[in-house]
Amino acid sequence: MRVLLTGSSGWLGRYLAPLLAQNGHDVTGLDVVPGAYTQIVGTVADRALVERAMGEHGIDAIIHGGALHKPDIVRYPRQAFIDVNVTGTLNLIEAAVAAGNDRFLFTSTTSLMVRADVRAGAGDKGAWWMDEDFSPVEPRNIYGITKLAAEQAVKLIHREHGINVAILRTGRFFPEDDDTHAVPSGPNLKANELLHRRLTVEDAAAAHLAALEAAPAIGCDSFILSAPPPFARADAEELAHDARAVIARYYPDAAELYAAAGWTLPQTIDRVYDPSRAARRFGWRAQTDFASVLTALRNGTASPVAHDPDYTSPIVRQEREACTS
Ligand SMILES: NC(=O)c1ccc[n+]([C@@H]2O[C@H](COP(=O)([O-])OP(=O)(O)OC[C@H]3O[C@@H](n4cnc5c(N)ncnc54)[C@H](O)[C@@H]3O)[C@@H](O)[C@H]2O)c1
């Protein structure tokens, strides 16, 4: 297929663009910042540019990964989030319908499900069990609000025009350090998160490819993307006060392997993302999970989760370069 990939200069884009090409797709990248996989430099908020891109490249399908996201909150006004994340998404899906495309993929975020009470910690029944039916959805910041509005917009266009829509509510896959948790840091935190709220960027890219190919059978649906948690819902109560005991039941040697690496297991886990709908509906399951980390620790090999404390998103890099030149 001739695929328009937005956000092609970003962290996901640089994995997804080559993966699509390896699988026989002809990819046109669109991003506000130049990059190795970006042929069109411009904003999704520019409707004329989007329409031109569709026509000039004969696009059959759009994967809309470009966005202002959580780290951008401190840098951009709320209006910019509306322009890029809401108007940009609407521009793209309306252009897709006008071009007769039969599918549209939207990269959304699990972050939009994190209400103030979810963020505050475990609920009455223990760890929050987060699947696609989790409600009410009340995003706590402009990033989540605009991603939710964009989800609603693409569902509306699906209802009105029938275009198949896959909404991929993706968990964490960023390589840099967390901007809110300092301890444990780096690879240790990322490994812990694979238990319940993270996936590798390679798995995120693979999910987009699988959803693109399955889209006509999907119709319109939302999917959580995260590494498969080892836990069952019945573990939720115990996870909230003694996660280590639960982890020991699933991985008896985890504590020892962690101790040898100087790492710490989480004492408590407040929420668990459940990606099983994606497995059921389009056969995607993350290849890297917590067991993969333990295997690496056991074998003394590199962690399978990318960690790059120096990663800066392309927009920020470009702005910094502009300031210093
Ligand atoms: N990184 C994560 O952990 C994570 C988690 C959940 C969801 N997501 C979502 O995944 C997608 C990709 O994120 P990423 O981690 O690769 O981030 P990134 O910042 O590395 O990449 C995002 C890209 O979007 C581009 N972009 C920004 N505004 C644009 C515009 N107006 N027009 C065209 N392109 C624009 C940026 O230049 C950048 O290259 C985003 O939609 C993000 O919301 C990311």
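The following refers to the structure shown. In this text, all values refer to a predicted model and were calculated from it rather than measured experimentally. (Residues numbered from 1 in each chain as written. Predicted model: local features only at pLDDT ≥ 70, side-chain atom pairs only at ≥ 80, totals over all residues. Heavy atoms only, no water.)

**Comments concerning the packing of aromatic side chains**
Here the structure, examined in full by the defined rule, presents eight aromatic pairs. Judged by centre distance (5.2 Å) and plane angle (55°), the ring pair of Trp11 and Tyr311 falls under tilted. With Trp11 in the loop between strand S1 (2-6) and helix H1 (13-22) and Tyr311 in the loop between helix H11 (290-299) and helix H12 (314-324), this residue pair connects regions lying 300 residues apart in the sequence. Taking relative accessible area as the criterion, Tyr311 reaches 11% and is therefore assigned buried. Ring centres of Trp128 and Phe134 lie 6.0 Å apart, and the angle between their planes is 85°; this geometry places the pair in the edge-to-face category. Judged on exposure class, the residue Trp128 and its partner Phe134 are both buried. (Phe/Tyr/Trp six-rings, centres within 6.5 Å; stacked < 30°, edge-to-face > 60°. Helix = DSSP H or I, 4+ residues; strand = E, 2+ residues; numbered from the N terminus. Buried < 20%, exposed > 50% of the residue type's maximum accessible area, 1.4 Å probe, protein only.)

**Focus on the packing of H1 against helix H7 (residues 201-218)**
Across the interface, H1 lies against H7 with an axial gap of 9 Å and an inter-helix angle of 45°. When the axis of H1 is compared with that of H7, the two are oblique. Crossing handedness for the pair H1 and H7: right-handed. Facing H1, whose interface residues are Tyr15, Leu16, Leu19 and Leu20, H7 presents Val201, Glu202, Ala205, Ala206, His208, Leu209 and Leu212. In terms of residue class, the contact of H1 with H7 is made up of nine nonpolar, one polar and one charged. (Axes fitted to C-alpha atoms, helices over the stretch in contact; angles between N-to-C directions. Parallel < 35°, antiparallel > 145°, perpendicular 65-115°, else oblique. Left-handed = near helix turned anticlockwise from the far one by under 90°. Contact = heavy atoms within 4.5 Å. Nonpolar A, V, L, I, M, F, W, Y, C, P; charged D, E, K, R; others polar.)

**Notes on empty space enclosed by the protein**
Under the definition given, this model contains two cavities of 30 Å³ or more. Put simply, the largest cavity is a space of about 50 Å³. Looking at the largest cavity, the residues that line it are Trp11, Phe173, Phe174, Arg198, Leu199, Thr200, Val201, Glu202, Pro304, Val305 and Ala306. Quantified by volume, the second largest cavity comes out at close to 40 Å³. In terms of lining residues, the second largest cavity is bounded by Arg172, Phe174, Glu176, Asp177, Asp178, Gly186, Leu189, Lys190, Glu193 and Arg198. Residues belonging to the lining of the second largest cavity are distributed by class as follows: two nonpolar, one polar and seven charged. (1 Å grid on protein atoms, 1.4 Å probe; cavity = no way out; pocket = protein on both sides within 12 Å on 5 of 7 lines; lining within 4 Å. Points joined across faces, edges and corners; volume = space filled by probe spheres on them.)

**A word on the sheet that holds strand S4 (residues 61-64)**
Sheet strands line up and pair through hydrogen bonds in the backbone, either parallel or antiparallel. With respect to topology, seven strands assemble into an open sheet ordered S3-S2-S1-S4-S5-S7-S8, the strand pairing being parallel. The strands lining the two open edges of the sheet, one partner per strand, are strand S3 (40-41) and strand S8 (220-225). Lying over the sheet, helix H5 (residues 142-161) contacts strand S5 (103-109), strand S7 (164-170) and S8, oriented at roughly 160° with respect to S5. (Pairing = 2+ DSSP bridges.)

**Some words on the pattern of salt bridges**
With the rule as written, the count across this model stands at 18 salt bridges. Between Asp102 and Arg103 there is a salt bridge whose closest N-O contact spans 2.8 Å. You can call Arg103 buried: its relative accessible area is 11%. Across the pair Asp221 and Arg281 runs a salt bridge, and its minimum N-O distance is 2.8 Å. Placement of the pair is Asp221 in strand S8 and Arg281 in helix H10 (residues 276-282), with a sequence separation of 60 residues. Shared partners join several salt bridges into a network, and the residues in it are Glu132, Asp133, Asp221, Arg277 and Arg281. (Salt bridge = Lys/Arg side-chain N within 4 Å of Asp/Glu carboxyl O.)

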